[in-house]
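Next come the chains, spelled out residue by residue.
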Amino acid sequence: MKPIDVHIHTNTNCNLNCVHCYADAASGRGKVLIDSGFEVGLIRFLCRHYQPDIHLEGGEIFLEEQLIWALSELDMPMRKNITITSNGVLRTENTDTLEVLRTISCLRISVEGHTDALHRSVRNCSLQMVLDNARYYKNMGINVVLRITLNRLNMNIMFSEVIPSLMEQGFMEFQVYEMQSAGRGKSSDICITGSLDIFFQDWFMHPQKAKIQVSLAERRLGEVRQYQTEFAHRGIQMISAGNNAGIAVGADRSVRICAWDMTSPPLVVLDENNFETIYDIIETQKTPHTCGFCTKVILKV
C-alpha cells in the first residue's frame, strides 16, 4: 500500500500558550474538536487503504481524553501507525487510556531543554512536572519519546548538556525539530536566523549513545550536504523526507495538504460519508510537497 503522511489536529484547546505554536492554540479560548466516532472512522479508512504515518496533535489531546481511549476500537496493527504528541502537563490514571497508549507507536512529550529556564523559554510550565509525567508514562510501559524544539537558546548545548542530562534521567530516545517562523514563531526572538554550524559541531564533539533523530526543513539542505562526509564518518544517517503524499485534517474536519497551513481554503470538509474524497486528494497530489517548514531531511543515529 502507498505510504502517506497524516496530521490530525484533534482539538484546538490547550492548557499552555507556547511561543512557537503554529496552530495558535491556547488556554481560555473556545474549542473545536473532532468527535471520537469520526476520529476512529477516519483512521480506520486510512489504514485500510494506505500505509499511513499518523500524528495526532492538538491543542492538547489529553484535555479531551476520550479521543485517546476511543482508539481502543481500532485493531492493534492500526494503532501502531499512530504517534500522539503532548506537552506532558497532564497525567492520567485512566486504565483505558493507558492501555491504548501502550499499543500505539509512541507518546511524544515535548521537553525544551535540561533546565527550567530553557523549557519555559518555549513553554510556560515547569520542566520537572513534565519530566515526572514522562517518567510516569514510561514506567507504565508506554513508549515515550522526548521531542525537543531546536532554537537559538539550546542549539550550542544540545549534545553537550541537554541530551546527556535527560539521558541521566532515564530517557533514551529523542526527536529534535527546528523551531520555524510560523504562527506565533513569527514574532519570537529565539528562532535560529543563522547557520547550524555550532549545532553540528556540538554533535560531533559530544556523540551520545541514544536514539536521536533531527528533522530539518528545505532551507537547511545546503548545510547538511556540506557535512555529508562527516555525518557518514560518524555513523549519522541522512534520510530524505517529505517525498510522500499527505494530508492534514483540522479539528473542524477541514483537509489541507500541509500541516503548517492552517488558513488557506480547505480542499474538502470531511464527514463519515465522504472519506473517499481523500483518494483524489492523495492521488492527484504533486509530490514531493514543498513549503518552507516541512521536514526535508532527517539525521538519525
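Above: the structure in question.
Before going into details, it helps to say that this report is about the structure given with it. Residue numbers run consecutively from 1 along every chain, following the written order of its sequence. Local features in this predicted model are restricted to residues whose pLDDT is 70 or higher, and side-chain atom pairs enter the listing and the counts only when it is 80 or higher, whereas totals over whole chains, interfaces and linings include all residues. As a rule here, side-chain values cover all heavy atoms of the structure and leave hydrogens and water aside.

Structural notes on the state of the cysteines
The term disulfide is used for any two cysteine sulfur atoms that are within 2.5 Å. Taken as a whole and assessed by the stated rule, the structure comprises zero disulfides. Take Cys 21: it sits in no disulfide, and the sulfur closest to it among the cysteines is that of Cys 18, at 6.6 Å. The thiol of Cys 291 is unpaired, and the distance to the nearest cysteine sulfur, on Cys 294, comes to 3.5 Å. Buried, partly exposed and exposed residues are distinguished by accessible area as a fraction of the type maximum, computed with a 1.4 Å probe on protein chains only: under 20%, between the cut-offs, and over 50%, respectively. Taking the relative accessible area as the measure of exposure, Cys 291 reaches 18% and is therefore buried.

What about the pattern of salt bridges?
By definition, a salt bridge exists where a carboxyl oxygen of Asp or Glu is found within 4 Å of a side-chain nitrogen of Lys or Arg. Under the definition given, this model contains 13 salt bridges. The salt bridge involving Lys 2 is made with Glu 283; its shortest N-O contact spans 3.5 Å. Of this pair, Lys 2 sits in the segment before β1 (3-9) while Glu 283 sits in helix α11 (residues 277-283), placing them 281 residues apart in sequence. Residue classification places Lys 2 among the partly exposed residues on the basis of a relative accessible area of 34%. The class for Glu 283 is partly exposed, based on a relative accessible area of 49%. One salt-bridge network, in which partners are shared between bridges, spans Glu 178, Arg 219, Arg 220 and Glu 223. Secondary structure follows DSSP: runs of H or I at least 4 residues long count as helices, runs of E at least 2 residues long count as strands, and numbering of each begins at the N terminus.

Here we look at helix α4 (residues 95-103)
Those residues of α4 that sit buried are Thr 97, Leu 98, Val 100, Leu 101 and Thr 103. With a side-chain oxygen lying 2.8 Å from the backbone nitrogen of Asp 96, the N-terminal cap of α4 falls on Asn 94. Any N or O atom pair separated by 3.5 Å or less is treated as a polar contact, with the protein-specific requirement of one donor-capable and one acceptor-capable atom, and with residues adjacent in sequence counted only for side-chain atom pairs.

Let's talk about the packing of aromatic side chains
Two numbers describe a pair of aromatic rings. These are the distance of the centres and the angle of the planes. The rule is short: rings of Phe, Tyr and Trp, with Trp giving its six-membered ring, pair when the centres are within 6.5 Å, and they are stacked under 30 degrees, edge-to-face over 60, tilted in between. Tallied over the full model, the rule gives 17 aromatic pairs. The interplanar angle of 50° and the centroid separation of 5.2 Å between the aromatic rings of Phe 159 and Phe 199 together place this pair among those described as tilted. Here Phe 159, found in helix α7 (residues 158-168), pairs with Phe 199, found in helix α8 (residues 197-205); they are 40 residues apart in sequence, far enough to count as distant. Look at Phe 200 and Phe 231: their rings are 5.4 Å apart centre to centre, the planes differ by 80°, and that puts the pair in the edge-to-face class.

Quick word on the packing of α7 against α8
At their nearest, the axes of α7 and α8 sit 8 Å apart, and the two run at 65° to each other. The segment α7 lies against α8, with Met 158, Phe 159 and Ser 160 engaging Phe 199, Asp 202 and Trp 203. By the convention adopted, Pro, Cys, Tyr, Trp, Phe, Met, Ile, Leu, Val and Ala count as nonpolar, Lys, Arg, Asp and Glu as charged, and the other residues, Gly among them, as polar. The residue makeup of the contact of α7 with α8, split by class, is four nonpolar, one polar and one charged. Interaxial angles span 0 to 180 degrees and are taken between N-to-C directions of axes, which are lines fitted to C-alpha atoms, for helices over the stretch in contact. By definition, residues are in contact when any of their heavy atoms lie within 4.5 Å.

Some words on helix α1 (residues 36-49)
End to end, α1 covers 20 Å across 14 residues, agreeing with the expected 20 Å (1.5 Å per residue, within 8%). Those residues of α1 that sit buried are Phe 38, Glu 39, Val 40, Gly 41, Leu 42, Ile 43, Phe 45, Leu 46 and Cys 47. Measuring from the side-chain oxygen of the N-cap residue of α1 to the backbone nitrogen of Gly 37 gives 3.1 Å; that N-cap residue is Asp 35. Multiply 1.5 Å by the residue count of a helix minus one, and that product is the helix's expected span.

Considerations on the nonpolar core
Side-chain atoms within 4.5 Å are what join buried Ala, Val, Leu, Ile, Met, Phe, Trp, Tyr and Cys residues into a set we call a nonpolar core. Ranked by internal contacts, the top residues of the largest apolar core, which has 88 residues, are Ile 84, Tyr 137, Phe 174, Phe 199 and Phe 200. It is α1 that provides the largest number of residues to this core, a total of seven residues. Filtering out sequence-adjacent residues up to four positions away, Phe 200 remains in contact with Leu 216, Glu 223, Val 224, Tyr 227, Phe 231 and Leu 299.

Looking at the sheet that holds strand β7 (residues 211-217)
A pair of strands is considered paired only if DSSP assigns at least 2 bridges between the two. Pairing within the open sheet is mixed, and its 12 strands lie in the order β8-β12-β7-β6-β5-β4-β3-β2-β1-β9-β10-β11. Sheet topology places β8 (237-240) and β11 (268-269) at the edges, where each strand pairs with a single neighbour. Examined bridge by bridge, strand β6 (residues 173-178) and β7 share five bridges and lie parallel to one another. When the bridges of β7 are listed, Phe 174 appears paired with Ile 212. In the packing of α1 onto the sheet, the strands contacted are β1, β2 (51-57), β3 (82-86) and β9 (245-249), and the crossing angle to β2 comes to about 155°. Sheet strands in contact with α8 are β5 (144-150), β7 and β12 (295-300), and its direction is about 165° off that of β7.

Geometric values such as these leave the question of function open.
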